[in-house]
Amino acid sequence: MVVSVRSWVANEGGKHLVLMLWLGVNTWLFLKTFLLYYTGQQYHYLYKMLGLGLCISRASASVLNLNCSLVLLPMCRSLLTFVRGTHTVSSRETRRLLDKSKTFHVACGVAICIFSVVHVSAHLVNVVNFSVSYSDDFPALNLARFRGEVRHKCLHILPGVTGVLLVLILFLMFTSSSYCVRLSNYEIFWYTHNLFIVFYIILMVHMVGGALKYQTNLEVHPPGCLRANQSSTEQQGKELEQGEDEERRCREEAHFQPHYPQVCLCVDSQHFPYTWLWVSGPLCLYCAERFYRYIRSCDPVTIVTVIRHPCDVIELRMLKKNFKARPGQYIVLNCPGVSSFENHPFTLTTCPTENKKTFGIHLRVVGDWTERFTQLLVPEPRIDLEILPMVQQRRYPNDGWTGFRLQRLYFVWVCREIQSFYWFAELLCAVHHKLWQENRPDYFNLKLYVSQADILQGMSEDKYRPLTSRLLVGRPKWKLLFDEIGKTNKHKRVGVFCCGPKGISRTLHRLCNSARSSGTTFEFNKESFS
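Parameters at a glance
- Residues numbered from 1 in each chain as written.
- Predicted model: local features only at pLDDT ≥ 70, side-chain atom pairs only at ≥ 80, totals over all residues.
- Heavy atoms only, no water.
- UniProt positions renumbered as here; feature names shortened; annotations may be inferred.
- Helix = DSSP H or I, 4+ residues; strand = E, 2+ residues; numbered from the N terminus.
- Polar contact = N/O pair within 3.5 Å; in protein donor to acceptor, adjacent residues only side chain to side chain.
- Core = buried A, V, L, I, M, F, W, Y, C linked by side-chain atoms within 4.5 Å.
- Buried < 20%, exposed > 50% of the residue type's maximum accessible area, 1.4 Å probe, protein only.
- Contact = heavy atoms within 4.5 Å.
- Salt bridge = Lys/Arg side-chain N within 4 Å of Asp/Glu carboxyl O.
- Patch = residues over 30% accessible without salt bridge, like charges linked within 9 Å, V, L, I, M, F, W, Y side chains within 5 Å.
- Areas by Shrake-Rupley, 256 points an atom, 1.4 Å probe, with all protein chains shown as cover.
- Lys, Arg positive; Asp, Glu negative; His and termini not counted.
- Charge placed at Lys NZ, Arg CZ, Asp CG, Glu CD.
- Pairing = 2+ DSSP bridges.
- Axes fitted to C-alpha atoms, helices over the stretch in contact; angles between N-to-C directions.
- Disulfide = S-S within 2.5 Å.
- Phe/Tyr/Trp six-rings, centres within 6.5 Å; stacked < 30°, edge-to-face > 60°.

Looking at an unreviewed UniProt entry, one finds the protein named NADPH oxidase 4 and attributed to Sander lucioperca. Of the comments in the UniProt record for the protein, the one headed Subcellular location (unreviewed entry) reads "Membrane".

Here it is, written out as structure tokens:
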């Protein structure tokens, strides 16, 4: 399948541009820090003792600082929603990038895991070098009091203890983030991921360990200068010329200060010990975000209507004071009666309007949480049973069509059983009749597919006749459907919105990037709870 450059740029260009910028910043930061410790005069004696292990450990630490600060930003959902809704973010491309914030969170998490392995490995080499290259000339640089002691002492000092704890917490968070763990037991993922607070506290303590030291008196003690008990003859093996004794003579002994990780703000090869700012800033921002969400979630929510649809689907109509939402947004549902720690996102299927303040979701009973939640709502399940019927008649928004820039809407719905179409049958029929009354029958192109033909039963109700005429058996032939839409909308942009399993999502994503003679650009979008 030939890829269209225009379609690929529209669908993948922004994402890959951000990825390249992120990789570029990480690479630059790694190399900048590596060269600082490799060539920096203040680290001359420390580098002679530890070698490349020093450079790699500090360079990987800088990358870890950066990603530990970035990994929290995509999780500030309220902030991202605010930014996405402002008029300053007007382009579709920017909004689509914000929808992929979870992917960026995962990328930062993977980078943290990879460079943690590099960082730990380099420090293990440093531990060996501290023992093997014990310095008799500069005792202040040594981590041990005598040769060989550091091998037994390294795990008992502050950086060693905190480092082991950080690795343990990171291992738990990484393993519990796998898809199989989240699917089988979401609470394990939730509990371990909330260890990030402990992780960041230990991380800031780890940064002030002071195991590595740098020289502070470079002006009076240039690296390699002759000390009081040395002569140029003794330094021939170290490439010092004869006759430079007085010029290269040290005016005082080298002084060293405990090293604190730098913020990579370098001026004349000097560093500033403000690494904690990298982490504390995003951490405080995220904590403020969580506190804001907690305050907002304390407002009571009233369940107005509970409707049980076929195929184990529950429709909830809820009411909350000062709640505002737009179509396409989602809410996070938490039920203390089931689990106080589990939060599950659901796309809004009904949004509040001026005439109707209720909002609704549809949830399918799949898994332990939804089963227990349904038992609390519907103790005795019956089809179309309504509980707390404060709204006896279900009405759909009667908004005007002003403000819509869409020229045509193609709605393709694939279900395994025909009973699933009853979930939104009334809504689809209401939209169909509304458009016919406004003499816009071509605006809404509806196609319904039922994949299991052996259990096919028609929607016999007369009010569902508009749906029956558009019901097809089997699965849609996506390529033919895309070609048909492309010929109808030549040289235009068509937005594709997918809400479904990964198999269909991958197929549609691939077709959106493929080339077509019609010149139509298909912009792929997938339901995201980032």
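Asker: Looking at this structure, I do not really get the environment of Asn194. What am I missing?
Answerer: Mapped onto the elements of the fold, Asn194 is located in the loop between α10 (186–193) and α11 (196–206). Within the structure, Asn194 has its side chain in polar contact with the backbone oxygen of Trp190 (distance 2.7 Å).

Asker: Is there a simple way to explain the nonpolar core in this structure?
Answerer: Side chains of a nonpolar character, in soluble globular proteins, are inclined to be buried together. Grouped together as the largest cluster of nonpolar side chains are 27 residues, with contacts concentrated most on Cys68, Leu72, Phe196, Phe199, Tyr200, Leu203 and Val279. Put simply, the parts of the chain that give this core at least two residues each are α1 (5–39), α3 (52–70), α6 (101–132), α8 (158–176), α11 and α12 (276–297). The greatest single-element share of this core, amounting to five residues, is contributed by α11. Apart from residues lying up to four places away in sequence, Val279 is in contact with Cys68, Tyr200, Leu203 and Met207.

Asker: Just checking my understanding: could you explain the pattern of salt bridges for this structure?
Answerer: If charged atoms from side chains of opposite charge come close, those side chains can pair. What the rule picks out here adds up to eight salt bridges. The salt bridge involving Arg317 is made with Glu315; its shortest N-O contact spans 2.9 Å. Beyond isolated ion pairs, a larger network of salt bridges with shared partners links Arg96, Arg493 and Glu523.

Asker: Would you mind showing me how to read a positive patch on the surface here?
Answerer: Together, Lys102, Arg182, Lys502, Arg506, Arg510 and Lys526 line one region of the surface with positive charge. The biggest single contributor to the positive patch is helix α17 (residues 502–513), with three residues. Residue position: Lys502 is located in helix α17.

Asker: When you look at the environment of Ser69 in this model, what are you seeing that I'm missing?
Answerer: Relative to the assigned elements, Ser69 resides in helix α3. Spatially, the C-alpha atom of Ser69 lies 7.5 Å from that of Leu283, the residues being 214 residues apart in sequence. Ser69 has contacts with Trp278 and Pro282, leaving out every residue within four places of it along the chain.

Asker: Help me out: how do you make sense of the sheet that holds strand β10 (residues 444–450) in this one?
Answerer: By definition, the strands of a sheet pair up through backbone hydrogen bonds, in either a parallel or an antiparallel sense. Spatially, β9-β10-β11 is the arrangement adopted by the three strands of the open sheet, whose pairing is parallel. Looking at which strands have only one partner, the edges of the open sheet turn out to be β9 (409–415) and β11 (471–473). Going from strand to strand, the sheet's axes swing by 25° on average, the running direction of each strand aside. The pairing of β10 with β11 spans three bridges and is classified as parallel. Within β11, the residue paired with Val450 across the bridge is Val473. Running over the sheet, helix α14 (residues 425–437) touches β9 and β10 and is turned about 150° from β10.

Asker: Would you take a moment to explain the state of the cysteines for this structure?
Answerer: The term disulfide refers to a covalent linkage connecting the sulfur atoms of a pair of cysteines. Applying the stated criterion across every chain, the model contains zero disulfides. Cys108 supplies the cysteine sulfur nearest to Cys68, a cysteine that is in no disulfide, at a spacing of 9.4 Å. Classification of Cys68 as buried rests on a relative accessible area of 3%. Cysteine Cys498 remains unbridged, with the sulfur of Cys499 as its closest cysteine sulfur at 7.1 Å. The class for Cys498 is buried, based on a relative accessible area of 6%.

Asker: Can you walk me through the packing of aromatic side chains in this structure?
Answerer: For any pair of aromatic rings, the description consists of the separation of the ring centres together with the inter-plane angle of the planes. Here the structure, examined in full by the defined rule, presents 19 aromatic pairs. When the centroid spacing of 5.3 Å and the interplanar angle of 75° are considered together, the rings of Tyr38 and Tyr47 count as edge-to-face. Tyr38 sits in the partly exposed class, given a relative accessible area of 41%. You can call Tyr47 partly exposed: its relative accessible area is 22%. Note on Trp413 and Trp423: the rings are 6.2 Å apart at their centroids and 50° apart in plane angle, and the pair reads as tilted. Here Trp423 lies in the loop between β9 and α14 and Trp413 lies in strand β9, a separation of 10 residues in the sequence. What makes Trp413 buried here is its relative accessible area of 12%. By relative accessible area, Trp423 is classed as buried at 14%.

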